[in-house]
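# Architecture at a glance
Each chain, written out:
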Amino acid sequence: MTEDAPQLYLIAPARLPASELAPRLTAVLDAHPVACLRLSGAGDEAELARIADLAREIAHARDVAVVIEDHVALAARHGLDGVHLTQGARGVRHARKELGADAIVGAFCGASRHEGMNAGEAGADYVSFGPLGPTALGPGTPVDLELLQWWSEVIEVPVVAEGALDAALIRAVWPVADFIALGPEIWQAPDPAEALSALWPV
(Lines give C-alpha, C1' and ligand atoms only; values in the text may rest on other atoms or scores of the structure.)
Protein backbone atom coordinates (compact mmCIF):
# COMPACT_ATOMS: atom_id res chain seq x y z
CA MET A 1 0.00 0.00 0.00
CA THR A 2 1.41 3.38 -0.97
CA GLU A 3 1.87 6.06 1.65
CA ASP A 4 -0.84 8.31 0.20
CA ALA A 5 -3.38 5.53 -0.39
CA PRO A 6 -6.82 6.04 1.19
CA GLN A 7 -7.60 4.26 4.43
CA LEU A 8 -10.45 1.83 4.93
CA TYR A 9 -13.46 3.14 6.84
CA LEU A 10 -15.81 0.30 7.81
CA ILE A 11 -19.55 0.77 8.25
CA ALA A 12 -21.01 -1.85 10.59
CA PRO A 13 -24.22 -3.59 9.52
CA ALA A 14 -27.33 -1.83 10.79
CA ARG A 15 -29.95 -3.43 13.03
CA LEU A 16 -27.88 -6.55 13.67
CA PRO A 17 -28.06 -7.84 17.26
CA ALA A 18 -24.85 -7.54 19.26
CA SER A 19 -24.55 -11.33 19.48
CA GLU A 20 -24.52 -11.65 15.66
CA LEU A 21 -22.38 -8.58 15.08
CA ALA A 22 -19.41 -9.75 17.18
CA PRO A 23 -18.14 -12.68 15.06
CA ARG A 24 -18.74 -10.89 11.74
CA LEU A 25 -17.00 -7.73 12.87
CA THR A 26 -14.09 -9.61 14.40
CA ALA A 27 -13.48 -11.58 11.20
CA VAL A 28 -13.33 -8.45 9.03
CA LEU A 29 -11.18 -6.44 11.45
CA ASP A 30 -8.74 -9.35 11.78
CA ALA A 31 -8.44 -9.66 8.00
CA HIS A 32 -8.11 -5.99 7.01
CA PRO A 33 -6.45 -2.86 8.40
CA VAL A 34 -9.34 -0.51 9.24
CA ALA A 35 -8.90 3.11 10.31
CA CYS A 36 -12.39 3.77 11.64
CA LEU A 37 -15.55 1.78 12.38
CA ARG A 38 -18.95 3.46 12.12
CA LEU A 39 -21.98 2.17 13.98
CA SER A 40 -25.55 2.78 12.92
CA GLY A 41 -27.56 5.07 15.15
CA ALA A 42 -30.86 3.38 14.28
CA GLY A 43 -32.71 1.15 16.68
CA ASP A 44 -33.49 0.63 20.35
CA GLU A 45 -31.18 2.64 22.59
CA ALA A 46 -30.54 -0.26 24.97
CA GLU A 47 -29.42 -2.46 22.08
CA LEU A 48 -27.35 0.41 20.65
CA ALA A 49 -25.61 0.67 24.01
CA ARG A 50 -24.81 -3.06 23.96
CA ILE A 51 -23.48 -2.77 20.41
CA ALA A 52 -21.42 0.28 21.32
CA ASP A 53 -19.74 -1.54 24.21
CA LEU A 54 -19.12 -4.65 22.13
CA ALA A 55 -17.79 -2.79 19.10
CA ARG A 56 -15.58 -0.58 21.25
CA GLU A 57 -14.00 -3.61 22.89
CA ILE A 58 -13.39 -5.41 19.58
CA ALA A 59 -12.20 -2.34 17.67
CA HIS A 60 -10.01 -0.75 20.34
CA ALA A 61 -8.19 -4.05 20.81
CA ARG A 62 -7.16 -3.65 17.17
CA ASP A 63 -6.41 0.11 17.35
CA VAL A 64 -9.52 1.00 15.35
CA ALA A 65 -11.47 4.17 16.19
CA VAL A 66 -15.24 3.89 16.67
CA VAL A 67 -17.89 6.49 15.86
CA ILE A 68 -21.67 6.25 16.01
CA GLU A 69 -24.24 8.04 13.89
CA ASP A 70 -25.73 11.13 15.57
CA HIS A 71 -25.83 9.85 19.20
CA VAL A 72 -23.55 12.36 20.92
CA ALA A 73 -24.58 11.42 24.46
CA LEU A 74 -24.26 7.68 23.79
CA ALA A 75 -20.80 8.18 22.31
CA ALA A 76 -19.71 10.01 25.45
CA ARG A 77 -21.28 7.49 27.85
CA HIS A 78 -19.81 4.42 26.18
CA GLY A 79 -16.30 5.62 25.50
CA LEU A 80 -16.56 5.83 21.73
CA ASP A 81 -14.15 7.99 19.78
CA GLY A 82 -16.78 10.30 18.34
CA VAL A 83 -19.82 10.73 16.14
CA HIS A 84 -20.76 10.70 12.48
CA LEU A 85 -23.44 13.33 11.86
CA THR A 86 -25.85 12.41 9.08
CA GLN A 87 -27.31 15.91 8.57
CA GLY A 88 -24.29 17.76 7.22
CA ALA A 89 -22.88 20.72 9.14
CA ARG A 90 -25.84 20.83 11.49
CA GLY A 91 -24.76 19.77 14.96
CA VAL A 92 -20.98 19.86 14.36
CA ARG A 93 -20.35 22.68 16.85
CA HIS A 94 -22.64 21.09 19.44
CA ALA A 95 -20.94 17.70 19.10
CA ARG A 96 -17.52 19.29 19.43
CA LYS A 97 -18.60 21.18 22.55
CA GLU A 98 -20.07 18.05 24.14
CA LEU A 99 -17.32 15.59 23.21
CA GLY A 100 -14.24 17.81 23.39
CA ALA A 101 -11.38 18.70 21.13
CA ASP A 102 -9.96 15.17 20.90
CA ALA A 103 -13.17 13.49 19.72
CA ILE A 104 -13.83 12.59 16.10
CA VAL A 105 -16.67 14.58 14.59
CA GLY A 106 -17.54 13.65 11.02
CA ALA A 107 -20.31 14.97 8.79
CA PHE A 108 -22.13 13.37 5.87
CA CYS A 109 -22.83 16.06 3.27
CA GLY A 110 -24.39 14.14 0.38
CA ALA A 111 -23.28 15.78 -2.85
CA SER A 112 -23.17 19.34 -1.50
CA ARG A 113 -19.86 21.18 -1.75
CA HIS A 114 -21.39 24.07 0.21
CA GLU A 115 -22.53 21.81 3.05
CA GLY A 116 -19.11 20.18 3.16
CA MET A 117 -17.38 23.54 3.43
CA ASN A 118 -19.76 24.61 6.20
CA ALA A 119 -19.03 21.40 8.10
CA GLY A 120 -15.30 21.92 7.74
CA GLU A 121 -15.54 25.51 8.93
CA ALA A 122 -17.62 24.38 11.91
CA GLY A 123 -14.80 22.05 12.97
CA ALA A 124 -15.58 18.65 11.44
CA ASP A 125 -12.63 16.25 11.39
CA TYR A 126 -13.79 14.79 8.10
CA VAL A 127 -16.51 15.30 5.52
CA SER A 128 -18.24 12.39 3.80
CA PHE A 129 -19.74 12.57 0.30
CA GLY A 130 -22.00 9.98 -1.30
CA PRO A 131 -23.46 7.92 -2.71
CA LEU A 132 -20.91 7.37 -5.45
CA GLY A 133 -22.97 4.77 -7.26
CA PRO A 134 -26.68 4.48 -8.15
CA THR A 135 -28.87 3.56 -5.18
CA ALA A 136 -32.45 3.98 -4.00
CA LEU A 137 -31.21 4.69 -0.46
CA GLY A 138 -30.18 8.00 1.07
CA PRO A 139 -30.02 11.05 -1.20
CA GLY A 140 -30.07 8.84 -4.28
CA THR A 141 -28.27 11.13 -6.76
CA PRO A 142 -24.68 9.93 -7.26
CA VAL A 143 -21.86 12.31 -6.40
CA ASP A 144 -19.90 13.71 -9.32
CA LEU A 145 -16.31 12.53 -9.01
CA GLU A 146 -15.22 16.07 -9.85
CA LEU A 147 -16.41 17.12 -6.38
CA LEU A 148 -13.94 14.73 -4.74
CA GLN A 149 -11.20 15.83 -7.12
CA TRP A 150 -11.82 19.50 -6.30
CA TRP A 151 -12.02 18.82 -2.57
CA SER A 152 -8.75 16.90 -2.51
CA GLU A 153 -6.97 19.75 -4.31
CA VAL A 154 -8.44 22.72 -2.44
CA ILE A 155 -9.65 21.70 1.02
CA GLU A 156 -7.49 20.33 3.85
CA VAL A 157 -10.32 18.61 5.74
CA PRO A 158 -10.10 14.85 5.02
CA VAL A 159 -12.78 13.45 2.72
CA VAL A 160 -14.59 10.10 2.89
CA ALA A 161 -16.10 8.55 -0.24
CA GLU A 162 -19.07 6.28 0.44
CA GLY A 163 -22.23 4.73 -0.91
CA ALA A 164 -22.97 2.02 -3.52
CA LEU A 165 -19.31 1.44 -4.35
CA ASP A 166 -18.04 -1.30 -6.60
CA ALA A 167 -14.47 -2.20 -7.58
CA ALA A 168 -14.44 0.22 -10.53
CA LEU A 169 -15.69 3.15 -8.45
CA ILE A 170 -13.18 2.38 -5.70
CA ARG A 171 -10.38 2.56 -8.25
CA ALA A 172 -11.80 5.84 -9.58
CA VAL A 173 -11.92 7.55 -6.16
CA TRP A 174 -8.66 5.99 -4.92
CA PRO A 175 -6.45 8.98 -5.92
CA VAL A 176 -8.78 11.64 -4.45
CA ALA A 177 -10.23 10.17 -1.24
CA ASP A 178 -8.58 10.11 2.19
CA PHE A 179 -10.92 7.35 3.32
CA ILE A 180 -13.16 4.93 1.44
CA ALA A 181 -16.19 3.70 3.38
CA LEU A 182 -17.51 0.20 2.79
CA GLY A 183 -20.18 -1.73 4.64
CA PRO A 184 -23.43 -2.61 2.87
CA GLU A 185 -21.29 -3.67 -0.11
CA ILE A 186 -19.83 -6.60 1.88
CA TRP A 187 -22.22 -7.66 4.65
CA GLN A 188 -24.63 -9.61 2.45
CA ALA A 189 -21.82 -11.87 1.25
CA PRO A 190 -21.34 -15.30 2.86
CA ASP A 191 -17.80 -14.21 3.80
CA PRO A 192 -17.66 -10.40 4.27
CA ALA A 193 -13.88 -10.40 4.77
CA GLU A 194 -13.42 -12.19 1.46
CA ALA A 195 -15.87 -9.82 -0.26
CA LEU A 196 -13.85 -6.88 1.04
CA SER A 197 -10.64 -8.44 -0.29
CA ALA A 198 -12.25 -8.64 -3.72
CA LEU A 199 -13.17 -4.95 -3.66
CA TRP A 200 -10.07 -3.41 -2.07
CA PRO A 201 -7.32 -2.78 -4.68
CA VAL A 202 -4.35 -3.70 -2.46
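Not measured: the values here are computed from a predicted model.

This next bit is on the overall build of the protein chain. A tally of regular secondary structure across the protein chain gives nine helices and eight strands. Over its C-alpha atoms the protein chain spans a radius of gyration of 16 Å, differing by no more than 12% from the 17 Å that the globule rule assigns to 202 residues. Seen through its principal axes, the protein chain has C-alpha atoms that stretch 40 × 40 × 35 Å. Look at the contacts in the protein chain between residues 6 or more apart in sequence, and 55% of them connect residues 24 or more apart.

Here eight strands make up a closed barrel; going around it, the order is β1-β2-β3-β4-β5-β6-β7-β8 and the pairing parallel. Neighbour-to-neighbour, the strand axes of this sheet turn through a mean angle of 25 degrees, independent of strand direction. Alignment of strand β3 (residues 65–69) against strand β4 (residues 82–85), held across three bridges, turns out to be parallel. In the strand pairing of β4, Glu69 is matched with His84.

This next bit is on the side chain of Arg38. Summarising the element assignment, Arg38 is placed in strand β2 (residues 36–39). By relative accessible area, Arg38 is classed as buried at 4%. At 3.4 Å, the side chain of Arg38 forms a polar contact with the side chain of Glu69. Polar contacts involving the side chain of Arg38 include one to the side chain of His84, which spans 3.4 Å. With residues near it in sequence (within four places) discarded, Arg38 still touches Tyr9, Leu10, Ile11, Ala12, Val67, Glu69, His84 and Glu162.

Scoring rules and cut-offs
- The residue numbers shown here count from 1 along each chain, following its written sequence.
- Under the rules for a predicted model, residues below a pLDDT of 70 receive no local features and side-chain atom pairs below 80 are neither given nor counted, while totals for whole chains, interfaces and linings still include all residues.
- By convention in this description, side-chain values take in all heavy atoms of the structure and omit both hydrogens and water.
- Under the scheme used here, helices are H or I runs from DSSP no shorter than 4 residues and strands are E runs no shorter than 2 residues, and both carry numbers assigned from the N terminus.
- Radius of gyration here uses only the C-alpha atoms, and the compact-globule reference equals 2.2 Å multiplied by the residue count raised to the power 0.38.
- Contacts: residue pairs with any heavy atoms within 4.5 Å of one another.
- One bridge is not enough; two strands pair if DSSP finds at least two bridges between them.
- All axes are obtained by fitting lines to C-alpha atoms, using only the stretch in contact for helices, and the reported angles, taken between N-to-C directions, cover 0 to 180 degrees.
- Burial classification: accessible surface area is computed with a 1.4 Å probe over protein chains only, and a residue below 20% of its type maximum counts as buried, one above 50% as exposed, and the rest as partly exposed.
- For this analysis, a polar contact is any N or O atom pair within 3.5 Å, provided that within protein one partner can donate a hydrogen and the other can accept it, and provided that sequence-adjacent residues contribute only side-chain to side-chain pairs.

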